[in-house]
Amino acid sequence: MATVHLRIGDLVWGKLGRYPPWPGKIVSPPKDLKKPRGKKCFFVKFFGTEDHAWIKVEQLKPYHPHKEEMIKINKGKRFQQAVDAVEEFLKKGKGKDQGSRSNSDDKKSTESKGRKAPAKPMKIIEEDDEDPFKGGSSDKELTDSDPEPSSAQRLVAGTVSGFKWESSPASSMEPISKRLKIVEEDTGSTSIQAADSTALNGSITPTDKRIGFLGLGLMGSGVVSNLLKMGHVVTVWNRTAEKCDLFIQEGARLGRTPAEVVSMCEITFSCVSDPKAARDLVLGPSGVLQGIRPGKCYVEMSTIDPETVAELSQVITSRGGRFLEAPVSGSQQLSNEGMLVILAAGERSVYEDCSSCFQAMGKTSFFLGEVGNAARMMLILNMVQGSYMATIAEGLTLAQATGQSQQTFLDILCQGQMASSFVDQKCQNILQGNFKPDYYLKHIQKDLRLAISMGDSVNHPTPMAAAANEVYKRAKALDQSDNDMSAVYRAYIH
């Protein structure tokens, strides 16, 4: 690969993970932020967002030589806003002679404040090369001179054919201030991996089908946000209409009723709280069923029992509609990050039509066959998770009751075989008394109840789940329903 010469102040296209190339500017990192070891990379501030990232040099391209190609291929609203921000930046004289030369105004600004001018262009090819970010301008200068960031926290995607990039590693976010997020690339792929090998590597090409979404709760809000960010055309509806406002501002369309959304869209997703809500949404006044016509697709994402799923599938298909169940495993945080796990079952062609949507909202999707299988698998997964959470809470409270340090218990737990981000996050929240919902306690109790019922239907014992369910019921009686599932801890201390 040809040697790349870049330096602080250059305008570039940066490729991060599964996101498309995005316009940015090479800047100096904060003084206390170290460059990732063994990585030849630059610190980039992306236009039109609040994102900053260490980007490997092979994932960077000069801005001007590839501008027309990028504009032609990427059509998203946020992408265009980012490009407009670059052009405004250039008009102000802040981006002249970019590419292989530094920004002249940045140099003048640096010199005028008594600091040394940035070094000459650096050849980034050896792992032991000197850190190129030493002695650059401060983050304050970047904030003052760059365009105002939008509320976007992730990038709009689009396929970039004919533009060669190295395969993209995964990304993780580490907040270091309210205005600055550090995105550090690590090993591993961020491509969406589907169980049936229909996954695409790299950027997402949004479907040209109109997408509807019903239900903007903890999970649904994150899903819709990511669908919009990835360039999908989305129409939303929520029982509490005010929740739609934010998404309308972000480019979504508003449907007045579920029936109207379905009639306007080729594929409609729903994500609501329980079987009754799912049934009412379809069968109730101005419900989904009234908007179903031959060929319309309905995707049920709620975590409900297989019997309700089968009933909804039957009524949808009886009107000529196409049905898929696709409950998701995850939390509000994972939903916001587009890292859910999707379990799908039903009509295979609908699953394939939803490919770009599933890539936008999740890291993995599984197709499990006939209708009902996804609901069964989802309930089993949540039964295990809910039981595990109750056991962790029991361990923490037993540690306290026997005079042991709860923090030490957590430290030991996180060094052993049971270590996981789930354990660490939930335990830390408990110790801090933070029960802000990431997954509602009332919903995990509902899932346990449905899983126990499913076990009864096939004469399979579920004593562990039954015991955990009783603890969650006690937590609900203590008014913890609308707190996070980790608030089951309070059932042991009252």
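Residues numbered from 1 in each chain as written. Predicted model: local features only at pLDDT ≥ 70, side-chain atom pairs only at ≥ 80, totals over all residues. Heavy atoms only, no water.

Undergrad: Any chance you could explain the pairing of strand β3 (residues 22-26) here in plain terms?
TA: The buried fraction of β3 is high, at 5 of 5 residues. Burial along β3 is two-sided: Trp22, Gly24 and Ile26 facing one way and Pro23 and Lys25 facing the other are all buried. As judged from the 4 bridges shared by strand β2 (residues 11-14) and β3, these two strands associate in the antiparallel manner. Counted as the bridge partner of Trp13 is Pro23 from β3. (Buried < 20%, exposed > 50% of the residue type's maximum accessible area, 1.4 Å probe, protein only. Helix = DSSP H or I, 4+ residues; strand = E, 2+ residues; numbered from the N terminus. Pairing = 2+ DSSP bridges.)

Undergrad: Just to check I follow, could you spell out the confidence of the model for the chain for this structure?
TA: Residues with a pLDDT of 70 or more make up 75% of the chain, whose mean pLDDT is 80. Low pLDDT (under 50) marks residues 94-164, which in the prediction has 170 contacts with non-local residues, meaning those over four places away or in another chain. Considering only residues more than four positions removed or in separate chains, one finds that residues 166-202, a stretch of pLDDT under 50, has 103 contacts. (pLDDT = per-residue confidence, 0-100. Contact = heavy atoms within 4.5 Å.)

Undergrad: Can you help me understand the environment of His232 in this one?
TA: Here His232 shows up in the loop between α5 (218-229) and β12 (234-237). Note: C-alpha distance between His232 and Ile211 (21 residues apart in sequence) is 7.2 Å. In this structure the side chain of His232 is engaged in a polar contact, spanning 2.8 Å, whose partner is the side chain of Ser356. (Polar contact = N/O pair within 3.5 Å; in protein donor to acceptor, adjacent residues only side chain to side chain.)

Undergrad: Whenever I open this one, helix α8 (residues 275-283) confuses me. Can you help?
TA: Note that an α-helix has 3.6 residues per turn; residues three or four places apart therefore point the same way. Of all the positions in α8, only Pro275, Ala278, Leu281 and Val282 are classed as buried. End-on view of α8: buried residues confined to an arc of 130 degrees, all on one side of the axis. At the N-terminal end of α8, a side-chain oxygen is found 3.2 Å from the backbone nitrogen of Lys276, two or three residues along, and the residue is Asp274. (Arc of directions from axis to C-beta.)

Undergrad: I tried to follow the pattern of salt bridges on my own but got confused; where do I start?
TA: Oppositely charged side chains can pair when the atoms bearing their charge come close. Applying the stated rule across the entire model yields 12 salt bridges. Put simply, Glu260 and Arg256 hold a salt bridge, and the shortest N to O gap is 2.7 Å. In this structure, the salt-bridge partner of Lys426 is Asp484, at a minimum N-O distance of 2.9 Å. Remark: Asp484 occurs in the segment after α18 (463-477) and Lys426 occurs in helix α16 (residues 421-432); sequence separation between them is 58 residues. On the accessibility criterion, Lys426 (3% relative accessible area) is buried. We classify Asp484 as buried; its relative accessible area is 1%. (Salt bridge = Lys/Arg side-chain N within 4 Å of Asp/Glu carboxyl O.)

Undergrad: Any chance you could explain the nonpolar core here in plain terms?
TA: Across soluble globular proteins, nonpolar side chains show a tendency to be buried alongside one another. Ranked by size, the top nonpolar core spans 35 residues in total, and within it Phe213, Leu227, Phe269, Val299, Met301, Phe358 and Met361 carry the most contacts. Elements supplying a minimum of two residues to this core: β11 (211-214), α5, β12, β14 (267-270), β15 (297-300), β18 (340-346), α12 (348-353) and α13 (355-361). In terms of residue count, α5 provides more of this core than any other element does, 5 residues in total. Apart from residues no more than four positions distant in its own chain, Phe269 is found in contact with Ile211, Gly212, Phe213, Leu214, Val299, Met301, Cys354, Cys357, Phe358 and Met361. Ala390, Leu413, Tyr472 and Met485 belong to the second largest nonpolar core, which has 32 residues in total. (Core = buried A, V, L, I, M, F, W, Y, C linked by side-chain atoms within 4.5 Å.)

Undergrad: Sorry, what's going on with the packing of aromatic side chains here?
TA: Aromatic rings considered in pairs are described by the distance between their centres and by the relative angle of their planes. Per the counting criterion, the structure on display carries 11 aromatic pairs. The interplanar angle of 20 degrees and the centroid separation of 6.1 Å between the aromatic rings of Phe213 and Phe269 together place this pair among those described as stacked. One end of the pair, Phe213, is in strand β11; the other, Phe269, is in strand β14, with 56 residues separating them in the sequence. The pair formed by Phe213 and Phe269 is uniform in burial state, with each residue classed as buried. What links up through ring pairs into an aromatic cluster is the set Phe213, Phe269, Tyr351, Phe358 and Phe367. Arg348 extends its terminal NZ or CZ atom over the ring of Phe367, reaching a point 4.8 Å from the ring centre. For Lys442, the ring lying beneath its charged end belongs to Tyr440, and the centroid distance is 5.2 Å. (Phe/Tyr/Trp six-rings, centres within 6.5 Å; stacked < 30°, edge-to-face > 60°. Lys NZ or Arg CZ within 6 Å of the ring centre and 35° of its normal.)

Undergrad: Just checking my understanding: could you explain the side chain of Asp305 for this structure?
TA: Note that Asp305 resides in the loop between β15 and α10 (306-318). Within polar-contact distance, the side chain of Asp305 engages the side chain of Thr308 at 2.8 Å. Other than its neighbours up to four places away in sequence, Asp305 contacts Pro275, Ala375, Leu379 and Leu450.

Undergrad: Looking at this structure, how should I read helix α17 (residues 441-457)?
TA: Its 17 residues give α17 an end-to-end C-alpha distance of 25 Å, which sits within 8% of 24 Å, the value for a rise of 1.5 Å per residue. Burial of α17 is extensive: 12 of the 17 residues sit out of reach of the surface. Within the sequence span of α17, burial applies to Leu441, His443, Ile444, Gln445, Lys446, Asp447, Leu448, Leu450, Ala451, Ile452, Met454 and Gly455. Downstream of α17 by one or two residues, Asn459 has phi in the positive range, about 55 degrees. (Expected span 1.5 Å × (residues − 1).)

Undergrad: Mind showing me how you'd approach the pairing of strand β16 (residues 322-325) here?
TA: Side chains on a regular strand alternate between the two faces of the sheet. Side chains Arg322 and Leu324 project from β16 onto one buried face, and the interleaved Phe323 and Glu325 project onto a second face that is buried too. By the bridge criterion, 4 bridges tie β15 to β16 in an arrangement that is parallel. Paired with Val299 across the strands is Leu324, a residue of β16. For the crossover from β15 across α10 to β16, the handedness is right-handed. Two elements, β16 and β18, share 2 bridges in a ladder whose sense is antiparallel. Counted as the bridge partner of Leu324 is Gly346 from β18. (Right-handed = clockwise from strand over helix to strand, strands pointing away.)

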